[in-house]
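Architecture at a glance
One-letter residues, chain by chain:
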Amino acid sequence: MAGYVLRRFLQLIPVFLGATLLLYFLVFSLPGDATAAICGEKGCTPAVEASLRAQYNLDQPFWMQYLLYLKGVLTFDLGTNFAGREIATIIAEVFPTTAKLAVMALVFEAVFGIVFGLFAGLRKGKIFDSTVLVVSLVVISVPIFVLGFLMQFVFGVKLAWTNPTVSGDASFTELLLPAIVLGLVSFAYVLRLTRTSVIENANADYVRTATAKGLSRPRVVTVHILRNSMIPVATFLGADLGALMGGAIVTEGIFNVNGVGNTLYRAVLNGEAPVVVSIVTVLILIFCLANLLVDLLYAWLDPRIRYA
Amino acid sequence: MSTHSMDQSQPLNGLPKPLLELRDLAITFKTNNGDVPAVRNAHLTIMPGETVAIVGESGSGKSTTALAAIGLLPANGAVSGGSIIFDGEDITHASEKRIVELRGSSIGMVPQDPMSNLNPVWKIGFQVKETLKANGLPHTAKDIAQVLSEAGLPDAAERANQYPHEFSGGMRQRALIAIGLSCRPRLLIADEPTSALDVTVQRQILDHLDRMTDELGTAVLLITHDLGLAAERAHKVVVMYKGQVVESGPALEILTNPQHPYTRKLVESAPSLASRRIEAAKSLGLEDSDELLAAHPDGVRTENVIEVKHLSKVFKLRGALGKSTDFKAVDDVSFSIPRGTTTAVVGESGSGKSTVARMVLGLEKATEGQILFDGVDITTLDRRKMFNFRRRVQPIFQDPYGSLDPMYNIFRTIEEPLRVHGIGNSKSREKKVRELLDQVSLPASMMRRYPNELSGGQRQRVAIARALALDPEVVICDEAVSALDVLVQAQILNLLADLQSELGLSYLFITHDLAVVRQIADEVCVMQKGRIVETGSTDDVFDNPQQEYTKALLAAIPGAGLVLPPEVA
């Protein structure tokens, strides 16, 4: 088991190298001149432009730029963005906000998705089940920015239950609405996944045997149906944590959250390769770790799976 | 339980009163095509401590009847008439609460398939513990170990900490028996408790179940499709057919003097009983058992179509940290199949018999040894020659549900080998398929249907037709009839025998069922742990087994201990 975890960690090294190389190349290939973004409409003198190029290694060939970036990463110096701020500081600033948002969204989708999915699955074909299925289908099919603006307008502006936008502190109550919007689509998927899984397990032979043993219905449902149904759901949730961290661009835009998504969006527009690559690399590492966590959780949920 | 306590089955002035009584029970299933009656007018009485068997083929309603007694009908099924009386109390429409009270503590259940009836994510001990706890019994680790060891599970205390997937089928069934009997129910419903197990394991488990229920005075409702097993284990037998009880009475009476035509058919075709019939016939001097069963044509035992010499197969098992251990699945096996005859390889699961079949088919590489087909060693053939060899040796597999492609209709399934081997044009191929369907007694109208529209027996006929499409010389049947009901099994065995005499086929028959061997094989090889421990003609092996293992296998055939009057044959 320990050997397995160690090997999974060692796998992160090639993933890190490959991801950064690919990302660096993609940003490098973006059309447009990065210095133009710094200098703005007025433009800079050729001398200033040249010094900017030298400062950000833009005068070097691609390989050199990449290797210099790697050297920076290994010496814990990610450099600065074009505005002169330390990239490490930016990451330290925006990641906690996004992480808070993502975890809140994850808890929302997990709790509500599993509970609704369980009851829908146990009442297959009944009115509750049909309603929930239709609603979840609507949630999946309507684009997230439509739902986002709609909920912002209804709960933030009309009913004024909460602020329509998030301030710099990003407190729990402020993040509640964005978190629900962010988790809404995954909530629908978790619900449907749980429902299908519950229906399948409820007809399993061992559930009938558990009933025949004289167990009460609530015990049969929680111990024998729910736990077995959690295996595919856990896989989905773990993979979703990574997606929520990186995929909050639209939601953060709507609610003006100063998080990873917003920062990344601005960096891409400015062609700031080191910022983009650094943030995305952190996201990739989070994704890999979340997957490792899922695999370990998977083995815990299903004892037939053993890693060696 | 082997002694017949007739006094118990006749109520004398209300004493003793029946433990379970089903009166005119009717069960209906709601389906998309309206209500379907599954059971009609089922009558059944079980006295305390008595064993009653319900016998019937799949779909006869035997399991449904038993499950109704414990309130475990599927969601779309319901009791639509009659009553269920347990210990004087009418529980036909009892509340959920009352039924939960009865389950486990008053009525226990041992389900059919040990592989699917234990929850894979919980330890065995946990699954025993929750049973004891739910029924208000002490549930310390000691109690759990006690319950498990009673059911014959060795090292129960350690075993309780293992998960179901770490158990063999037989051990799982012991665990399920432990659970079923853990709360000392007065009635145990045993639904085909051993049909998924090898005969020797089956015997051990049934013996153990007998002993336990005897000691505890538990009444047993045994559900089985095997009449021989029912007769051996039960005081009373109830025969069900198409949802109705067609006959019931003391076990031996039903066996020796069946009244209903269906029961008669069942008695005739039960393989375990057929073997006894042959012995009975022999003892009367009727040596020619060929008359009883379809025979191979005479005078064709000229040469060996297949000769297997010193065949071995070693599998590498992956161990911890990349270390691998060798596992010898097949160890120095030699036998031959004379042309036009049937050789059977018998053994329990894990004996290596299927690996032998796979190697003879060329699906698995032999580690050592030779397989001579018409004198040519097939282990050294190149791909092209192998392709031609495949044409002459064809398999029929166990699972008629799994071995036909559900997306191919019957015509395409049977035609495919012809097309692959580039035989004929589309017209002549269609003609051939029609002939083949005719040979296996299926109507030509079957061609456009899909496997899911066919019964198990029909599918196995399709599998046989597919195997015969290329006019093979050898057909390898890997448990070809094991998944079928006895009646269908008898039909398929007869078909195979007919085809053999018609086409001069040679069969290699892989099976765990000795009763089937007796009906079809000329030569028998008994395998144990990868080795052939005994070999000889079928009659020699059956009449005069040399090895302890063979004797144990023979003794394990259900119904072997029955004394059957010869006139039954």
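Reading guide: rules and limits
Residues numbered from 1 in each chain as written. Chains lettered and ligands numbered in written order. Predicted model: local features only at pLDDT ≥ 70, side-chain atom pairs only at ≥ 80, totals over all residues. Helix = DSSP H or I, 4+ residues; strand = E, 2+ residues; numbered from the N terminus. Buried ≥ 20, exposed ≤ 12 C-beta atoms within 10 Å, placed from the backbone. Expected span 1.5 Å × (residues − 1). Contact = placed C-beta atoms within 7 Å. Axes fitted to C-alpha atoms, helices over the stretch in contact; angles between N-to-C directions. Parallel < 35°, antiparallel > 145°, perpendicular 65-115°, else oblique. Left-handed = near helix turned anticlockwise from the far one by under 90°. Nonpolar A, V, L, I, M, F, W, Y, C, P; charged D, E, K, R; others polar. Pairing = 2+ DSSP bridges. Right-handed = clockwise from strand over helix to strand, strands pointing away. pLDDT = per-residue confidence, 0-100.

**Notes on the overall build of chain A**
Of regular secondary structure, chain A possesses 13 helices and zero strands. Sequence-ordered secondary structure for chain A, helices as α and strands as β, is α-α-α-α-α-α-α-α-α-α-α-α-α. For chain A, the C-alpha atoms occupy an extent of roughly 85 × 55 × 30 Å along the three principal directions. A buried classification covers 34% of the 308 residues belonging to chain A.

**Structural notes on helix α8 (residues 199-216) of chain B**
Residue and element names in this part refer to chain B. Relative to the 26 Å expected for 18 residues at 1.5 Å per residue, α8 spans 25 Å between its end C-alpha atoms, a close match to the ideal helical length. Listed as buried for α8 are Val199, Val201, Gln202, Arg203, Ile205, Leu206, Leu209 and Thr213. Against α7 (169-181), β7 (187-191), β8 (219-224), α9 (227-233), α19 (514-520) and α21 (548-555) lie the buried residues of α8.

**Some words on the packing of helix α5 (residues 87-122) of chain A against helix α6 (residues 127-141) of chain A**
Residue and element names in this part refer to chain A. Following both chains from N to C, one finds α5 and α6 inclined at 135 degrees, their axes separated by 8 Å at the closest point. Compared by their axis directions, α5 and α6 come out oblique. Both α5 and α6 take part in a crossing whose hand is left-handed. Residues Phe116, Phe119 and Ala120 of α5 form the contact with α6, whose participating residues are Phe128, Asp129, Val132 and Leu133. The residue inventory of the contact of α5 with α6, partitioned by class, reads six nonpolar, no polar and one charged.

**Observations regarding the pairing of strand β18 (residues 506-511) of chain B**
Regular strands have side chains that alternate between both faces of the sheet. Residue and element names in this part refer to chain B. Of all six residues in β18, six are buried, a share of seventy percent or more. Burial along β18 is two-sided: Ser506, Leu508 and Ile510 facing one way and Tyr507, Phe509 and Thr511 facing the other are all buried. Summarising the sheet, strand β13 (residues 342-346) and β18 pair through five bridges and their orientation is parallel. In the sheet register, Ala344 faces β18, and the bridge partner there is Phe509. Relative to β18, strand β17 (residues 474-478) is paired through five bridges, and the arrangement is parallel. Residue pairing in the sheet places Val474 in a bridge with Ser506 of β18. Taking the sense of rotation as the criterion, the β-α-β connection linking β17, helix α18 (residues 486-503) and β18 turns out right-handed.

**Side note on the interface of chain A and chain B**
The partner chain B presents 24 residues to the 20 residues of chain A that form the contact. Elements supplying a minimum of two residues to the side of chain A that touches chain B: α9 (205-212) and α10 (217-246) of chain A. Of all the elements, α9 of chain A adds the most residues to the side of chain A that touches chain B, at seven residues. Residues belonging to the side of chain A that touches chain B are distributed by class as follows: eight nonpolar, six polar and six charged.

**Details of the sheet that holds strand β20 (residues 531-537) of chain B**
Residue and element names in this part refer to chain B. Ordered in space as β16-β17-β18-β13-β19-β20, the six strands form an open sheet in which the pairing is mixed. Each edge of the sheet is formed by a strand with only one pairing partner; in this case those strands are β16 (393-396) and β20. Put simply, the sheet's adjacent strands are angled 15 degrees from each other on average, direction ignored. The pairing of strand β19 (residues 523-528) with β20 spans six bridges and is classified as antiparallel. Looking at the pairing, Gln528 lines up with Arg531 of β20. The strands touched by α21 within the sheet are β13, β19 and β20, with β19 carrying the most contacts at an inclination of about 105 degrees.

**A short note on the environment of Thr550 of chain B**
Assignment of secondary structure puts Thr550 of chain B in helix α21. Taking C-alpha positions, Thr550 of chain B is 10.0 Å from Cys525 of chain B, a pair spaced 25 residues apart along the chain.

**Focus on the packing of α5 of chain A against helix α13 (residues 273-301) of chain A**
Residue and element names in this part refer to chain A. Following both chains from N to C, one finds α5 and α13 inclined at 45 degrees, their axes separated by 11 Å at the closest point. Relative to α13, the element α5 is oriented oblique. The element α5 and its partner α13 pack so that their crossing is right-handed. Between α5, through Ile87, Ile91 and Phe95, and α13, the contact on the second element is made entirely by Pro274, Val275, Ser278, Ile279 and Val282. Considering only residue class, the contact of α5 with α13 consists of seven nonpolar, one polar and no charged.

**Focus: the confidence of the model for chain B**
Detailed reading of the predicted coordinates is not advisable wherever pLDDT falls low. Mean pLDDT over chain B stands at 82; residues scoring 70 or higher make up 88%. For the stretch residues 1-12 of chain B, pLDDT sits under 50, and the model shows 19 contacts to residues farther than four places along the chain or on other chains.

**Overview of the environment of Gly18 of chain A**
All names here are of chain A. Mapped onto the elements of the fold, Gly18 is located in helix α1 (residues 2-29). Gly18 sits in the exposed class, given 11 other C-beta atoms within 10 Å. Spatially, the C-alpha atom of Gly18 lies 21 Å from that of Leu58, the residues being 40 residues apart in sequence.

**A closer look at the pairing of β19 of chain B**
All names here are of chain B. With six of its six residues buried, β19 lies for the most part within the structure. Residue alternation in β19 divides its side chains into two sets, Glu523, Cys525 and Met527 and Val524, Val526 and Gln528, and both sets are buried. In textbook terms, the turn of a hairpin is the stretch between consecutive antiparallel strands, and for β19 and β20 this stretch comprises two residues, one of which, Lys529, has a positive phi near 50 degrees.

**A closer look at unusual backbone geometry**
All names here are of chain B. Residues other than glycine seldom take positive phi values, yet Asp24 does so here, at roughly 50 degrees. Within the secondary structure, Asp24 is located in strand β1 (residues 20-31). Unlike most non-glycine residues, Asn41 shows phi in positive territory, near 45 degrees. Within the element layout of this structure, Asn41 appears in strand β2 (residues 34-46). Residue classification places Asn41 among the partly exposed residues on the basis of 14 C-beta atoms within 10 Å.

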